[in-house]
Amino acid sequence: MPRRFAQLTFTEHVKAAQAHYGTRAQAERYAESAQANAELGAREREFIAARDSFYLATVSDSGWPYVQHRGGSPGFLQVLDATTLAFADFRGNLQYQSVGNLAGNDRVCLILVDYPQRRRLKLLGHARVIDVAAPGGEAPAWLKQLQADAAEAPVERVLLIAVEAFDWNCAKHITPRFSERELQPLIDPLRQRIAALEARLRELGGVPPEN
Ligand SMILES: Cc1cc2nc3c(=O)[nH]c(=O)nc-3n(C[C@H](O)[C@H](O)[C@H](O)COP(=O)(O)O)c2cc1C
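Colleague: Hey, could you run me through the pairing of strand β5 (residues 107-114) in this one?
Modeller: Put simply, side chains in a regular strand alternate between the two faces of the sheet. Pairing of strand β1 (residues 53-59) with β5, which is carried by four bridges, proceeds in the antiparallel orientation. What sits directly across from Thr58, in β5, is Val108. When β5 meets strand β6 (residues 119-131), the two strands line up antiparallel, connected through eight bridges. Paired with Arg107 across the two strands is His126, which belongs to β6. Taken together, β5 and the strand that follows it, β6, pair antiparallel across an intervening segment of four residues, in which Arg118 is found at a positive phi of about 55°.

Given below as structure tokens:
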């Protein structure tokens, strides 16, 4: 079973580059891998559910790629089934470049990174835009399903992504980084310990150092 990601991305120019750098045979072995990686499994679901951001690439009419950041609460990008992703798209800088590009070409590429664990997942798919402002549309049902209530920012649309292929990348060159949320469980006990030590110091008549 050929690997779907390679089927979609190993163009003639890509193959020529692989030949140029002497990796053509290796790339072909990867392309002919036993795993198609076209349907999201438990590993991908768990990974996606924990992410609070991803990068979304679209294709513009001029041929230039365009990449933007999307962020939200962990799990805001939801796996609806083995080949469907969905998220509520917030109002942003009012340039509408991603959504505009999707009107001409529905292809998207997503990259999701788990910095602490140094893991990353890339996905290819076709996106469908469901406008929240469209009268009598299907958006309310989707927003309910996504449990998006515009509390963080106004939701302008829902993006449904029909996944075509995914692949995992290696950990190389990913610097571990930690969000405030990830550090909180480590920081809280330290803060409590410091507060207890300061209280003890006051009891003993000392003055705690200023922060
Ligand atoms: C008030 C505000 C200002 C922003 N300014 C910028 C900006 O100058 N450049 C940028 O790349 N993103 C900016 N962003 C983030 C983008 O608006 C956001 O990623 C948005 O979803 C992009 O939409 P698009 O991908 O359809 O172009 C801003 C967001 C907000 C809320």
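Colleague: Sorry, what's going on with the site of the ligand here?
Modeller: As a structural note, the neighbourhood of the ligand is formed by Tyr66, Gln68, His69, Arg70, Gly92, Asn93, Tyr96, Gln97, Ser98 and Val99. Expressed as a share of its isolated accessible area of 640 Å², the protein-covered part of the ligand is 52%. Elements supplying a minimum of two residues to the shell around the ligand: β2 (65-71) and α5 (97-104). Among the elements that take part in the shell around the ligand, β2 stands out by supplying four residues, more than any other. In terms of residue class, the shell around the ligand is built from three nonpolar, six polar and one charged.

Colleague: Just to check I follow, could you spell out the pairing of β2 for this structure?
Modeller: Relative to β2, β1 runs antiparallel, the two being bridged by seven bridges. Paired with Ala57 across the bridge in β2 is Val67. Linking β1 back to β2 in an antiparallel pair, the connection comprises five residues, with Gly63 at a positive phi of about 95°.

Colleague: How should the side chain of Asn101 be read in this particular structure?
Modeller: With respect to the element layout, Asn101 can be found in helix α5. At 2.9 Å, the side chain of Asn101 forms a polar contact with the side chain of Thr58. Not counting residues within four places of it along the chain, the set of residues in contact with Asn101 comprises Thr58, Val59, Ser60, Asp61 and Tyr66.

Reading guide: rules and limits
Residues numbered from 1 in each chain as written. Predicted model: local features only at pLDDT ≥ 70, side-chain atom pairs only at ≥ 80, totals over all residues. Heavy atoms only, no water. Pairing = 2+ DSSP bridges. Helix = DSSP H or I, 4+ residues; strand = E, 2+ residues; numbered from the N terminus. Near = heavy atom within 4 Å. Areas by Shrake-Rupley, 256 points an atom, 1.4 Å probe, with all protein chains shown as cover. Nonpolar A, V, L, I, M, F, W, Y, C, P; charged D, E, K, R; others polar. Polar contact = N/O pair within 3.5 Å; in protein donor to acceptor, adjacent residues only side chain to side chain. Contact = heavy atoms within 4.5 Å.

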